[in-house]
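For reference, the chains in residue letters:
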Amino acid sequence: MSRVLTALQPTGNLHIGNYFGAIDPLLELQEQGNENYLFIVDYHAITIPKDPAQLRKNIIYATAVYLAAGIDINKTTLFQQSRVPQHTELAWILNCLTYMGELERMTQFKDKSRNKGETVSVGLFAYPVLMAADILLYNTDFVPVGEDQVQHVELARDIAKRFNNRFGETFVVPEPRIRTSGARIMGLDDPTKKMSKSAESPKNYISLLDDEDDVRKKIRSAVTDSESTISFDPEHRPALANLLTIFSLVTKKSIQDLATEYKTKGYGTFKGDLAEALVSWLKPFQEKVNGYLKNEEELKRVLDKGAERALLKAETTMKRVREKIGIVL
Ligand code: ADP
Ligand code: TRP
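Residues numbered from 1 in each chain as written. Chains lettered and ligands numbered in written order. Predicted model: local features only at pLDDT ≥ 70, side-chain atom pairs only at ≥ 80, totals over all residues. Heavy atoms only, no water.

1. Comments concerning the overall build of the chain
Cut-off, in case you're wondering: Secondary structure elements are defined from DSSP: runs of H or I of at least 4 residues count as helices, runs of E of at least 2 residues count as strands, and each element is numbered from the N terminus. Two things to know: the radius of gyration comes from C-alpha atoms, and the globule rule equals 2.2 Å times the number of residues to the power 0.38. The criterion used for residue contact is that any of the two residues' heavy atoms lie within 4.5 Å. Areas reported here follow the Shrake-Rupley algorithm with a probe of radius 1.4 Å; residue values treat only the protein chains shown as occluding.
Helices and strands together make up the secondary structure of the chain, namely 13 helices and five strands. In terms of C-alpha radius of gyration, the chain reaches 21 Å, essentially the compact-globule figure of 20 Å for 329 residues. Expressed as lengths along the three principal axes of its C-alpha atoms, the size of the chain is roughly 75 × 45 × 40 Å. When contacts within the chain are restricted to residue pairs at least 6 apart in sequence, those whose partners lie at least 24 apart make up 75%. As displayed, the chain has an accessible area near 15700 Å², and 52% of this comes from carbon and sulfur atoms.

Here's what the structure looks like:
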């Protein structure tokens, strides 16, 4: 049995890229009988200033989203990162094994720190080390993530190997698991950049909270190209390829079948049908999320139980780590 682990930041604005890039692969793996961990990385979230009331709300909302998506707490340990202090404890130790140069190379850090000069937080810089700790604590074999996180998982591998070399076999060296389709959903307004909740315009993404009208409007205004037929050609027709990918993910029809079906139907019909498919996919999902949100106490109990389970595993690893580095007397 493999151990599979992933985590998401608690932001109110999860979009379909997050769903298909990060949550959906975990559902598949959950059904394959793995040992699964899914957690809400509140300590990663505060590397960029967050309003406390909003953060609290987002943690609850994220929990409701995972349950609505089909996370089964009997198969997956679902918890909140900050409730398991071993994450920050291990992060400190790993900080002492990680080189400045390695962190300076992280693309996400470069993107997020741009124009911030000297005021960029140490937390944002050290964030991949906390992520390495998240992964290594649970002897993780596979980490399902979107493409943008692969560099961070690679760093976790390097840190694990370095620790093992220096102190003896301790950590499993994890592997990233990237989805072939949906691993990188692109922005609706710009197919050269990934769909992102931090995009300047909400027209960039379909949020899991968008209502029917939003979805229809956003799909209608999604960029396409000036050709007249529909075909799947990611290199030359990236915008259309992205829309076909989304269509395929929500209908579970193959991209090729959809491309053939819509070949000569024109953009209007194609976009109209895509919007309706998205609405039919989102509506029952949103109803489920709202159902869970009605009982916040129950959501908190789910997180309590998850933290209890995660803590036992994390402490087992930490005991070994403390011994290996020579701080247990
Ligand atoms: P965002 O860029 O929207 O802020 P995050 O960086 O919080 O998203 O990513 C959360 C998870 O969702 C990660 O596993 C990431 O790889 C995945 N993800 C984010 N954007 C996309 C996308 N456009 N397509 C596929 N997966 C994505
Ligand atoms: N850094 C990831 C993101 O922003 C979230 C994350 C934190 C994560 N710890 C993790 C993902 C461990 C996978 C495994 O999307």
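2. Things to note about the site of ligand 1
Which entries qualify depends on this criterion: We call a residue near a molecule or strand as soon as one heavy atom of that residue lies within 4 Å of the molecule or strand. Polar contact is defined as a pair of N or O atoms within 3.5 Å, subject to the rule that within protein one atom must be able to donate a hydrogen and the other to accept it, and that residues adjacent in sequence are counted only when both atoms are side-chain atoms.
Around ligand 1, the surrounding shell holds 18 residues, and the nearest of these are His-15, Asp-148, Ile-185, Lys-194 and Lys-197. Within the backbone of Gly-17, a nitrogen or oxygen atom sits 3.1 Å from a nitrogen atom of ligand 1. With respect to ligand 1, the side chain of Lys-197 contributes an N or O atom lying 2.6 Å from an oxygen atom. Top element by residues in the shell around ligand 1 is helix 1 (residues 16-31). It accounts for four residues.

3. Re the pattern of salt bridges
Threshold: Salt bridge criterion: a side-chain nitrogen from Lys or Arg within 4 Å of a carboxyl oxygen from Asp or Glu. Exposure is judged per residue with a 1.4 Å probe applied to protein chains only, and the accessible area is read against the type maximum: over 50% gives exposed, under 20% gives buried, and values in between give partly exposed.
A complete count under the given rule lists 23 salt bridges for this structure. For Glu-296, the salt bridge is made with Arg-56, and the minimal N-O distance between the two is 2.9 Å. Here Glu-296 is found in helix 13 (residues 296-325), whereas its partner Arg-56 is found in helix 3 (residues 52-69), with 240 residues between them in sequence. For Glu-296, a relative accessible area of 28% corresponds to the partly exposed category. The exposure class of Arg-56 is partly exposed, given its relative accessible area of 45%. The salt bridge involving Asp-213 is made with Arg-216; its shortest N-O contact spans 3.8 Å. Here Asp-213 and its partner Arg-216 are both found in helix 9 (residues 212-220), three residues apart, which amounts to about one turn of the helix. If you follow the salt bridges from partner to partner, you end up with Glu-212, Asp-213, Arg-216, Glu-276 and Lys-283 in one network.

4. Digging into the packing of helix 3 against helix 12 (residues 266-293)
Definition in use: Every axis corresponds to a line fitted to the C-alpha atoms, with the helix fit spanning only the stretch in contact, and the corresponding angles, defined between N-to-C directions, vary from 0 to 180 degrees. The scheme is simple: roughly parallel for angles under 35 degrees, roughly antiparallel for over 145, roughly perpendicular for 65 to 115, oblique for anything else. Note on convention: the crossing is left-handed when the near helix lies turned anticlockwise from the far helix by less than a right angle, right-handed when the turn is clockwise.
One can describe the packing of helix 3 onto helix 12 by two numbers: an axis separation of 8 Å at closest approach and a directional angle of 130°. Considered as vectors, helix 3 and helix 12 are oriented oblique to each other. Crossing of helix 3 against helix 12: the hand is right-handed. Contact residues: Ile-60, Tyr-61, Ala-64, Val-65, Leu-67, Ala-68 and Ala-69 in helix 3; Phe-285, Lys-288, Val-289, Tyr-292 and Leu-293 in helix 12.

Purely spatial values, then, with no claim about function.
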